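Analysis of the macromolecular model
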Amino acid sequence: MVAGTTPSLPWLVVDAAGREIEPVSVYLRDRMLGDASTATCRSYGYDLLRWHRVL
């Protein structure tokens, strides 16, 4: 997880090489279009990161 640069995506989930995981960014951006707080976005990002590592 790294801090994003835009209000529509305050957190980015990146892989081991530091590249953004695009499907996760799309999902988090959709959450931010609703009423989700930045803390919720961060929490969802960490949850998805754990699943990405497992898979």
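What counts and how
- Residues numbered from 1 in each chain as written.
- Predicted model: local features only at pLDDT ≥ 70, side-chain atom pairs only at ≥ 80, totals over all residues.
- Heavy atoms only, no water.
- Helix = DSSP H or I, 4+ residues; strand = E, 2+ residues; numbered from the N terminus.
- Expected span 1.5 Å × (residues − 1).
- Buried < 20%, exposed > 50% of the residue type's maximum accessible area, 1.4 Å probe, protein only.
- Arc of directions from axis to C-beta.
- Contact = heavy atoms within 4.5 Å.
- Core = buried A, V, L, I, M, F, W, Y, C linked by side-chain atoms within 4.5 Å.

A word on helix H1 (residues 22-33). Its 12 residues place the ends of H1 17 Å apart at the C-alpha level, agreeing with the 16 Å of an ideal helix rising 1.5 Å per residue. Those residues of H1 that fall on the buried side of the exposure criterion are Val24, Ser25, Leu28 and Met32. For H1, the angular spread of buried residues about the axis comes to 100°, placing them on one side. Away from its buried face, by an angle of more than 90 degrees, H1 presents the exposed residues Pro23 and Leu33. Residues of H1 that are buried sit in contact with strand E2 (9-12) and helix H2 (38-54).

What follows deals with the nonpolar core. Core analysis: the biggest nonpolar cluster contains 10 residues, these being Met1, Leu9, Leu12, Val13, Ile21, Val24, Leu28, Met32, Cys41 and Leu49. Put simply, the parts of the chain that give this core at least two residues each are E2, H1 and H2. Element by element, the count of residues in this core is highest for H1, at 3 residues. Ignoring any residue separated from it by four or fewer positions in sequence, one finds Val13 in contact with Met1, Arg19, Glu20, Ile21, Val24, Leu28, Gly45 and Leu49.

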